[in-house]
Amino acid sequence: MKAGEVCMLMNVPTKGKDTTRAGFKMRNLAEQLKVANFTCPDTLEAYIMALKMYRSDETVGYETIDAYC
């Protein structure tokens, strides 16, 4: 990450906020270096889908918030 070779990190916490664990240290470093850090596979999947849509020529339609209530 420090060399700029990592643009995003997938690291799922397993034991809470134990600052001595390697995973905690990696997530903390990612935040300090402004590297995208995902802790939930579903969130990463949604991000990748949105990124693909953003990079495509496809038009995205949406409704106002009232339509979803």
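Provided above is the structure to which this section pertains.
Now for a quick tour of the structure. Everything quoted here is computed from the prediction, not taken from an experiment.

Reading guide: rules and limits
- The residue count restarts for each chain, going from 1 along the sequence in the order it is written.
- Side-chain atom pairs in this predicted model are given and counted only at pLDDT of 80 or more, local residue features only at pLDDT of at least 70, and totals for whole chains, interfaces and linings cover all residues.
- Side-chain numbers come from the whole structure's heavy atoms, not from hydrogens or water.
- Stacked, tilted and edge-to-face are the three classes applied to pairs of Phe, Tyr and Trp rings, where Trp contributes its six-membered ring and a pair requires centres within 6.5 Å; stacked means planes under 30 degrees apart, edge-to-face means over 60, and tilted covers the rest.
- Going along the chain from the N terminus, every DSSP run of H or I of four or more residues is numbered as a helix, and every run of E of two or more is numbered as a strand.
- Nitrogen and oxygen atoms within 3.5 Å of one another constitute a polar contact, given that in protein one can donate a hydrogen and the other can accept it, and given that sequence-neighbouring residues count only through two side-chain atoms.
- The contact definition used throughout considers only heavy atoms, calling two residues in contact when any of these lie within 4.5 Å.
- Each residue is placed in one exposure class: buried if its accessible area under a 1.4 Å probe, protein chains only, is under 20% of its type's maximum, exposed if it is over 50%, and partly exposed if it falls in between.
- Working convention for charge: Lys and Arg count positive, Asp and Glu count negative, and His plus the chain ends are omitted.
- What counts as a salt bridge is simple: a side-chain nitrogen of Lys or Arg found within 4 Å of a carboxyl oxygen of Asp or Glu.
- Like-charged residues are merged into a patch within 9 Å and nonpolar side chains (Val, Leu, Ile, Met, Phe, Trp, Tyr) within 5 Å, provided each residue has over 30% relative accessible area and no salt bridge.
- Under the convention used here, a 1.4 Å probe and the Shrake-Rupley method define accessible areas, while residue burial counts only the protein chains that appear.
- Cysteine sulfurs are considered disulfide-paired once they come within 2.5 Å of each other.

A few words now on the packing of aromatic side chains. For the coordinates displayed, the defined rule picks out 1 aromatic pair. On the numbers, 5.1 Å between centres and 50° between planes, the contact of Phe 38 with Tyr 47 is tilted.

Below, the discussion takes up the side chain of Asn 11. On the secondary structure map, Asn 11 appears in the loop between strand S1 (8-10) and helix H1 (22-32). Polar side-chain contacts of Asn 11 include one of 2.5 Å to the side chain of Arg 27. Those residues in contact with Asn 11, other than ones at most four positions away along the chain, are Gly 23, Met 26, Arg 27, Asn 37, Phe 38 and Thr 39.

So, on to the environment of Phe 24. Tracing the sequence through the fold places Phe 24 in helix H1. In contact with Phe 24, not counting residues within four places along its chain, are Lys 17, Asp 18 and Thr 19.

Take the side chain of Arg 27 next. Mapped onto the elements, Arg 27 comes out in helix H1. In this structure, Arg 27 is buried with no salt-bridge partner, the nearest side chain bearing the opposite charge being Glu 31 at 8.5 Å. Apart from residues no more than four positions distant in its own chain, Arg 27 is found in contact with Leu 9, Asn 11, Val 12, Pro 13, Gly 16, Asn 37 and Thr 39.

A cluster of nonpolar side chains, Met 8, Tyr 47 and Ile 48, forms an exposed patch at the surface whose accessible area comes to about 230 Å². Its place among the elements puts Tyr 47 in helix H2 (residues 41-55).

On to the state of the cysteines, then. What the rule picks out here adds up to 0 disulfides. Considering cysteine sulfurs only, Cys 40 is the nearest to Cys 7, which forms no disulfide, with 19 Å between them. Note on Cys 7: relative accessible area 64%, which makes it exposed.

Attention now moves to the environment of Thr 39. Along the chain, the position of Thr 39 falls in the loop between strand S2 (36-38) and H2. The exposure class of Thr 39 is partly exposed, given its relative accessible area of 38%. Along the chain, Thr 39 and Met 10 lie 29 residues apart, while their C-alpha atoms are 6.0 Å from each other.

Locating Asp 18 in the fold gives a position in the loop between S1 and H1. On the accessibility criterion, Asp 18 (31% relative accessible area) is partly exposed. Separated by 2.7 Å, the side chains of Asp 18 and Thr 20 make a polar contact.

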